[in-house]
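Secondary and tertiary structure notes
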Amino acid sequence: MYTRSRPPRSTGSSAESGGGPAGHPASPGVRSRGAALAVLSAGTLMIILDGTIVNVALPSIQRDLGFSQSSLAWVVNAYLIAFGGLLLLSGRLGDLLGRRRILVWGLAAFTAASLACGLADDAGVLIAARFVQGAAGAMVSAVSLGMVLALYPEPRGRARAMGVYSFTQSAGGTLGLVAGGVLTQSLDWHWIFFVNLPIGAAATVFSLRLLPDDRPAAGGSARGADAPGALLVTAALMLGVYTIVTTTDRGWASPHTAVFGAVSLALLAAFLVRQARAAHPLMPLRLFRSRLVGGANVVLALMVAGGFGFQFMTTLYLQRVLGYDALRVGLAITPTGVVIGVMSLALSARLGARFGERAVLLPSLVLFGGGFLLLARAPSAHASYVTDLLPALLLFGVSFGLAMPALMTLGMSDAAPSDSGLVSGVFNTAQQIGGALGLAVLAALATARTDHRLAAGHSQPAALTSGYHLAFVVAACLLGAATTVAAVLLRPYPVALSATPGSRRAPEPSGRTARA
């Protein structure tokens, strides 16, 4: 029977002390890794914060720049289309050209685009600048997770780093709601973009100083640069995200949705054919032979599809049913972010080390779904924040704070160093596509239920609440599906498998490792 071979003891040249595996750039030493992680987290925080801070300011933007109700959605859609469409390409470019280079380019472009957004005095200028923001945000997000893995190759340190990284993602969403309300009400909407300038400038400078230069050797960047594949996948993803985000206005059964959706699927199919035949594919299909990589991406897409129901539908419930203003909405959801911080920073790594990431993930997904079922009981009038909402918000904090680090660790555990940027891009793409699709479906279901109840003579608060209840129940079902997939696909590999990073093949039977 095979036994796991013990890794050699550190001699001072390992990644722990600044060295790295042969053929790969060295990681920063122990003293500088914390600072490097802080820089990556700051860049990620800026990207996530920008995705939510804009939502609070949309009414003010509409009044100042003369957006129509239908065109206002493109302030958000332009960002989502560029972001979701370029994640996969950005991740692969990080592997080919160097992840630090792509990160710095993305941070600089995002900062410049934020300035353009803040100075915009025309609707078209703002939409164009938001598209550039989305493209730059994709560059930053696609390579950040892979760089965290490179900084922390050892399991215990990697688990802690994943906790910090996932906390940054969740904190950005919560902070965006609070900051959006404060800045919009105390100053004006332009400042929701200006706030990115000092963060982006500092992250760019410190990325050059603290992160290792991981550019490949001369001539290495050309190898694997599959230009036709890049064009196909970028067009497919952008068109797919566009199709999803326009279903709110066009409807799922409209000819527009059917045609653009079919073209997007055709482009994606052509991309997969190209990847199967290309000598140096942009996205080697061998990645999806890994049960962990494929399963983690499916679980993530389902989890985020339901999770968007929490952030979006809960915000609407608080505003349209309970009458909360933008600032009160942010403060009401703040406990979720606080609990996520405690779970992801203080407990997730310890629990993962003791029980394993899968053992942490499964009950967390169950708790996540339970939070939605609690919200599905929230009343349409005279709701108490403490008794009707806070228990569910705390449950979301506990479950997400434990589930996300565990899932990211599992999903990236099979990534070879040369593919970590691509796998990070795939992971982020699954998150964006799942979120966009989940939001479109949940919003459509809630709207249809609300319209039906209004037509039946129910009051507006009661009809709205009924629609949100349906969305919460469907979100709970999505989390149930995620739990099932995780239980089936994210089983641990046999102990006998090789401990070499990025490889799960069993070692050849020889010597003491072979059965007598």
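First, a word on what this report is: a plain description of the structure on this page.

What counts and how
Residues numbered from 1 in each chain as written. Predicted model: local features only at pLDDT ≥ 70, side-chain atom pairs only at ≥ 80, totals over all residues. Heavy atoms only, no water. Helix = DSSP H or I, 4+ residues; strand = E, 2+ residues; numbered from the N terminus. Buried < 20%, exposed > 50% of the residue type's maximum accessible area, 1.4 Å probe, protein only. Contact = heavy atoms within 4.5 Å. Areas by Shrake-Rupley, 256 points an atom, 1.4 Å probe, with all protein chains shown as cover. 1 Å grid on protein atoms, 1.4 Å probe; cavity = no way out; pocket = protein on both sides within 12 Å on 5 of 7 lines; lining within 4 Å. Points joined across faces, edges and corners; volume = space filled by probe spheres on them. Nonpolar A, V, L, I, M, F, W, Y, C, P; charged D, E, K, R; others polar. Phe/Tyr/Trp six-rings, centres within 6.5 Å; stacked < 30°, edge-to-face > 60°. Patch = residues over 30% accessible without salt bridge, like charges linked within 9 Å, V, L, I, M, F, W, Y side chains within 5 Å. Salt bridge = Lys/Arg side-chain N within 4 Å of Asp/Glu carboxyl O.

With respect to the overall build of the chain
Each helix and strand counted, the chain has 17 helices and zero strands in total. Looking at the chain residue by residue over its 516 residues, the buried ones come to 51%. Considering only contacts within the chain whose residues lie at least 6 apart along the sequence, 82% involve residues at least 24 apart. Surface exposure of the chain reaches about 22200 Å², of which carbon and sulfur atoms provide 65%.

A word on empty space enclosed by the protein
Take a probe with the size of a water molecule and roll it over the atoms, and the empty space left behind shows itself. Per the counting criterion, the structure on display carries one cavity of 30 Å³ or more. By volume, the largest cavity is sized at about 60 Å³. Around the largest cavity sit Ala159, Ser348, Ala349, Gly352, Ala353, Glu357, Val360, Leu402, Pro405, Ala406 and Thr409, which together line it. Counting only elements with at least two residues in the lining of the largest cavity, the list comes to helix H13 (326–355), helix H14 (357–375) and helix H15 (385–412). Here the residues of the lining of the largest cavity sort into seven nonpolar, three polar and one charged.

Some thoughts on the packing of aromatic side chains
Taken as a whole and assessed by the stated rule, the structure comprises eight aromatic pairs. Taking 5.7 Å as the distance between ring centres and 20 degrees as the angle between the ring planes, the aromatic pair formed by Tyr79 and Phe83 counts as stacked. Linking Tyr79 with Phe83, this pair stays in helix H3 (residues 74–97), spanning four residues, or about one helical turn. Each of the two residues, Tyr79 as well as Phe83, counts as buried. Measuring from ring centre to ring centre gives 5.3 Å for Trp191 and Phe194, while their planes differ by 80 degrees; the resulting arrangement is edge-to-face.

Comments concerning the side chain of Asn297
Its location among the elements puts Asn297 in helix H12 (residues 291–321). Assessed through its relative accessible area of 8%, Asn297 is described here as buried. Setting aside anything within four residues of it in sequence, one finds Asn297 in contact with Val426, Phe427 and Ala430.

Examining a nonpolar patch on the surface
Residues Leu265, Leu268, Leu272, Leu285 and Phe288 make up a contiguous nonpolar surface patch of roughly 410 Å² in combined accessible area. On the secondary structure map, Leu272 appears in helix H11 (residues 255–277).

Such coordinate-based values are descriptive only and should not be taken to indicate function.
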